[in-house]
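Breakdown of the fold
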Amino acid sequence: MIHASKRAMGIEYAIRDVVLPARELEKQGIKIIKLNIGDPVKFDFQPPQHMKEAYCRAIMEGHNYYGESEGDIELRKAIVEREKKKNGVDITVDDVMVTAAVTEALQFIFGAIVEPGDEVLIPGPSYPPYVALVKFYDGVPKAYLGIEEEGWQPDIDDMRKKISEKTKAIAVINPNNPTGALYDKKTLKEILDLAGEYDIPVISDEIYDLMTYEGKHVSPGSLTKDVPVIVMNGLSKVYFATGWRLGYMYFVDPENKLAEVKEAIGKLARIRLCPNTPAQKAAIAGLTGPMDYLDEYMKKLKERRDYIYKRLNEIPGLSAQKPEGAFYIFPRIEEKSKWKSDKEFVLDVLRNAHILVVHGSGFGEGGEWHFRAVFLPPVEILEQAMDNLEKFMRERLG
Ligand code: PLP
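Residues numbered from 1 in each chain as written. Predicted model: local features only at pLDDT ≥ 70, side-chain atom pairs only at ≥ 80, totals over all residues. Heavy atoms only, no water.

Before going further, it helps to examine the nonpolar core. Generally speaking, nonpolar side chains in soluble globular proteins are found buried as a group. The biggest cluster of nonpolar side chains holds 127 residues, and the ones touching the most others in it are Phe110, Met249, Leu312, Phe345, Phe371 and Leu389. Here this core gathers at least three residues from each of two domains, domain 1 (6-46 + 292-397) and domain 2 (49-288). Residues in contact with leucine 312, not counting those within four places in the same chain, are Leu318, Ala320, Ile329, Pro331, Phe371, Met386 and Leu389. (Core = buried A, V, L, I, M, F, W, Y, C linked by side-chain atoms within 4.5 Å. Buried < 20%, exposed > 50% of the residue type's maximum accessible area, 1.4 Å probe, protein only. Domains from an automatic or database assignment. Contact = heavy atoms within 4.5 Å.)

Structure representation (structure tokens):
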């Protein structure tokens with residue numbers, strides 16, 4: 001037996017872990033309604049036509065070579081323009097790095113800043129790769145909790161308790177996965193102040209930035225005066241191109257504190273050669289092209305959000321905050337006596353209501369006794385899912 005490394009064997013990814021028991025049921029001919037994976041392209045969403053055409057054209061015109069490690073210069077210009085327009089940030093192409101989606105940007109950032117034993121503040125609950133990657137680099141993820149009753153806004157007092165001399169960065173996921181929270185400006189300013197006190201950067205995951213319902217997204221990059229902010233974004237959500245694996249990061253660093261980190265990230269980028277060349281041409285089309293498709297898609301998502309929010313809150317034993325962004329809802333399992341854990345609840349729902357959702361504890365601290373559901377499917381499917389779940393809960397609660 002050849003042993004794998006402990007750091008790789010220790011990786012957990014709850015969102016995909018629950019798929020195995022679902023597959024077993026499907027093998028027996030049982031139809032499962034899948035509300036587990038945040039991929040809009042698995043439902044009735046597609047990248048806009050002009051992006052698809054640009055991708056195909058790039059291949060046919062011969063853009064099939066290795067590109068620059070930091071990304072296509074035309075794309076980096078388009079990113080600068082997009083981000084100046086959206087966030088008013090003062091950046092140049094030298095502040096931008098194109099990556100194989102936000103996931104690679106996270107690998108680069110944590111790879112560049114985490115030494116063994118260093119701590120990184122991450123939201124609790126949070127998107128699982130944050131915990132996994134910080135641990136992979138022998139760091140220690142520390143969750144700052146969300147305040148559920150306040151729509152899961154970050155608890156700044158808790159953040160203050162968790163920060164220490166060992167903290168190397170504060171990660172912000174806004175709009176948030178899994179809670180759907182949209183952080184307000186005041187909270188973001190408080191986060192920047194705290195980062196400033198400890199002289200550490202804020203890492204801002206803005207992959208859902210234009211996917212908001214009532215409110216508008218504010219970037220810490222647009223608010224900072226001296227605290228360095230690393231912003232990440234990409235094609236996966238707002239541009240509906242999850243499978244193209246393309247994203248970017250940029251540095252808002254008014255006092256040039258991140259010069260060394262930037263250099264380290266440049267080194268990491270060079271040893272992986274370059275991001276996908278034709279996908280970058282499609283990204284230029286997306287970032288500079290019309291956005292009217294998004295209005296139509298957001299209208300559909302809002303209808304689905306409103307529906308699931310209303311239905312979940314009518315089901316006995318469950319309650320949910322209204323998501324203000326992204327396409328996730330994170331209900332609380334009020335009735336704990338019937339199951340040993342939230343994972344048992346999720347498996348019971350899978351086997352008996354035939355709906356696949358993800359247990360909240362899979363999103364780390366603060367997620368216990370909740371579950372995450374996506375509201376990407378059309379209302380008819382959500383209706384079937386909620387009917388099944390309601391019947392299941394009524395039976396269980398007697
Ligand atoms: N960040 C957050 C908060 C996400 O929810 C996701 C995907 O669900 C990602 C990053 C992954 O993004 P990408 O496809 O750009 O790697």
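The next subject is the sheet that holds strand 2 (residues 96-99). Strand order in the open sheet made by the eight strands is 2-9-8-7-6-3-4-5, with mixed pairing throughout. At either margin of the open sheet sits one strand with a lone partner, and together these are strand 2 and strand 5 (153-154). Taken together, the three bridges between strand 3 (residues 119-124) and strand 6 (residues 167-173) define a ladder with parallel strand orientation. Counterpart to leucine 121 in the pairing with strand 6 is isoleucine 170. Lying on the sheet, helix 5 (residues 73-87) is in contact with strand 2, strand 8 (229-234) and strand 9 (247-252); it crosses strand 2 at an angle near 110°. (Pairing = 2+ DSSP bridges. Helix = DSSP H or I, 4+ residues; strand = E, 2+ residues; numbered from the N terminus. Axes fitted to C-alpha atoms, helices over the stretch in contact; angles between N-to-C directions.)

Taken together, 13 residues are adjacent to the ligand, and Thr103, Asn177, Asp205, Tyr208 and Ser236 come closest. Asparagine 177 is positioned such that a nitrogen or oxygen atom in its side chain is 2.6 Å from an oxygen atom of the ligand. In the complex, the protein chains occlude 94% of the 400 Å² of accessible area that the ligand would expose alone. The dominant element in the shell around the ligand, judged by the number of residues it contributes, is helix 6 (residues 101-113), at three residues. Grouping the amino acids of the shell around the ligand by side-chain chemistry returns seven nonpolar, three polar and three charged. (Near = heavy atom within 4 Å. Polar contact = N/O pair within 3.5 Å; in protein donor to acceptor, adjacent residues only side chain to side chain. Areas by Shrake-Rupley, 256 points an atom, 1.4 Å probe, with all protein chains shown as cover. Nonpolar A, V, L, I, M, F, W, Y, C, P; charged D, E, K, R; others polar.)

In this section: the domain arrangement of the protein chain. What the domain assignment reports for the protein chain is domain 1 (6-46 + 292-397) and domain 2 (49-288). Between the C-alpha centres of domain 1 and domain 2 the distance comes to 26 Å. A buried area of about 3300 Å², summed over both sides, lies between domain 1 and domain 2, and 60% of it is on carbon and sulfur atoms. When the area that domain 1 buries against domain 2 is broken down by residue, the three leading residues are Arg7, Gln321 and Glu324, summing to 19%. (Buried area = accessible area lost by both parts, 1.4 Å probe.)

Within strand 3, six of the six residues are buried, which leaves it mostly tucked inside the rest of the structure. Bridge count for strand 3 against strand 4 (residues 140-147) is six bridges, and the pairing is parallel. Paired with isoleucine 122 across the two strands is alanine 143, which belongs to strand 4. Once you follow strand 3 into helix 7 (residues 129-136) and on to strand 4, the crossover reads as right-handed. (Right-handed = clockwise from strand over helix to strand, strands pointing away.)

With that out of the way, let us pick up helix 4 (residues 49-60). A rise of 1.5 Å per residue sets the reference length of helix 4, with its twelve residues, at 16 Å; its end C-alpha atoms lie 17 Å apart and thus fit the reference within 8%. Among the residues of helix 4, those classed as buried are Met51, Ala54, Tyr55 and Ala58. Around the axis of helix 4, the buried residues are gathered within 100° of arc, so they sit on the same side. Packed against the buried residues of helix 4 are helix 12 (277-288). The first or second residue beyond helix 4 is glycine 62, which carries a positive phi of 95°. (Expected span 1.5 Å × (residues − 1). Arc of directions from axis to C-beta.)

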